[in-house]
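Fold and geometry: a report
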Amino acid sequence: MAYKVPFFAVQSALYKVLSAADATLSWFDAGATIEEIEGFYKGRQTFAYGIMGAADADALPNKDTVVWNARLDLEIYSSYQGKKDVSERLEAIVNYLCAEAAWKAINEAFEKEGFTLVSLSIGSLRINLPIIGDSGTWQSGATSLILRIGQKESD
């Protein structure tokens, strides 16, 4: 069986599902520049966005199947002065991802890429120290998702 690295499948499935879950929070990949993001929100005094950050995966092969443990960091940034906005957004993401509707949507997206969702775990949650810069004070927080996904045999 040939290995199919799951990075694209994981990020595209989560992008689709998370974007549909909360229209007030746009998601970007880690390659987006701050200028691109600020341009997207031009004219808004306060805003929040998500970054799909670092990812890693390892394979658990056996004779006929491959199961991947894939991890993806989800980071939230907010121009709101306090930590409340980031905390509430992380809570909403956790609750949504633990719901059956999200599970089904993620699995549907995975199936198109040749994978199936076995389990989804929420890693530790964190709120970071404020980021103080020329454009004001930013709050941020993050969690890691750990997805166990099976790779389907290619035909």
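Just so it is clear, the model here is predicted, and its values are computed rather than measured. Starting from 1, residues in each chain are numbered consecutively following that chain's sequence as written. Note on the predicted model: pLDDT of at least 70 is required for a residue's local features to be given, and 80 or more for side-chain atom pairs to be given and counted; whole-chain, interface and lining totals, by contrast, use all residues. Just so you know, side-chain values use all the structure's heavy atoms and leave hydrogens and water out.

1. A look at the overall build of the chain
Assigned secondary structure in the chain consists of 4 helices and 6 strands. Starting at the N terminus, the α and β elements of the chain follow one another as α-β-α-β-β-α-α-β-β-β. On the principal axes, the C-alpha backbone points of the chain span a range of 55 × 25 × 25 Å. Burial analysis of the chain (155 residues in total) assigns 39% to the buried set. Residue contacts are counted whenever heavy atoms from the two residues lie within 4.5 Å of one another. Taking the contacts inside the chain whose residues are at least 6 apart along the sequence as the reference set, 65% of them involve residues at least 24 apart. A total accessible area of about 8,700 Å² is found for the chain, and carbon and sulfur atoms account for 52% of it. For this count, His and the chain ends are skipped, Lys and Arg are scored as positive, and Asp and Glu as negative. Where a charge sits is defined by one atom per residue type, namely NZ (Lys), CZ (Arg), CG (Asp) or CD (Glu). For the chain, the distance from the average site of its 14 positive side-chain charges to the average site of its 20 negative ones is 3 Å. Helix and strand assignments come from DSSP, with helices taken as H or I runs of at least 4 residues and strands as E runs of at least 2, each series counted from the N terminus. Only protein chains enter the accessibility calculation, which uses a 1.4 Å probe. A residue is then buried if its area is under 20% of the maximum for its type, exposed if over 50%, and partly exposed in between. Only the protein chains shown count as cover for residues, and the accessible areas themselves come from Shrake-Rupley with a 1.4 Å probe.

2. Topic: the pattern of salt bridges
Pairs may arise between side chains of opposite charge once their charged atoms sit close together. Each salt bridge in this description consists of a side-chain nitrogen of Lys or Arg and a carboxyl oxygen of Asp or Glu lying within 4 Å of one another. Per the stated rule, a full pass over the model turns up 5 salt bridges. Ionic pairing is found between Asp73 and Arg71, a salt bridge with its closest N-O pair at 2.4 Å. What makes Asp73 buried here is its relative accessible area of 10%. Residue class for Arg71 comes out partly exposed when judged on its relative accessible area of 23%. The salt bridge involving Glu100 is made with Lys104; its shortest N-O contact spans 3.3 Å. On the criterion of helical spacing, the pair formed by Glu100 and Lys104 is a turn pair, its members being 4 residues apart in helix α4 (residues 100–112). Here the residues in one salt-bridge network are Asp56, Arg71 and Asp73, joined through shared partners.

3. Side note on helix α3 (residues 84–97)
Any helix carries an expected span of 1.5 Å times its number of residues minus one. For α3, with 14 residues, the first-to-last C-alpha span of 20 Å sits near the 20 Å given by 1.5 Å per residue. The complete set of buried residues in α3 reads Asp85, Val86, Arg89, Leu90, Ile93, Val94 and Leu97. One side of α3 carries all its buried residues, which in axial view fall inside an arc of 165°. Away from its buried face by more than 90 degrees, α3 exposes Lys84, Glu91 and Asn95. The arc in question is the one traced by the directions running from the helix axis out to the C-beta atoms.

4. Notes on the nonpolar core
Think of a nonpolar core as a cluster: buried Ala, Val, Leu, Ile, Met, Phe, Trp, Tyr and Cys residues, connected wherever their side-chain atoms sit within 4.5 Å. If you look at the biggest cluster of nonpolar residues, it comprises 30 residues, and the most contacted ones within it are Leu14, Leu74, Leu97, Phe110 and Leu147. Contributions of two or more residues to this core are made by α1 (7–21), β2 (48–61), β3 (66–78), α3, α4, β4 (115–127) and β6 (136–151). When residues no more than four places from it in sequence are discounted, the contact partners of Leu14 are Ser19, Met52, Leu72, Leu97, Ile106, Leu145 and Leu147. Within the second largest apolar cluster, 8 residues are counted, among which are Phe28, Ile37, Tyr41 and Trp138.

5. With respect to the environment of Asp29
Tracing the backbone shows Asp29 in strand β1 (residues 26–29). Separated by 18 residues in sequence, Asp29 and Gln11 have C-alpha atoms that sit 8.5 Å apart. Ignoring anything within four residues of it in the chain, the contact list for Asp29 reads Gln11, Ile51 and Met52. Within 3.5 Å is the distance limit for a polar contact, defined as a pair of N or O atoms, with the added protein rule that one can donate a hydrogen and the other accept it, and that residues adjacent in sequence qualify only through two side-chain atoms. A distance of 2.8 Å separates a polar atom in the side chain of Asp29 from the backbone nitrogen of Gly31.

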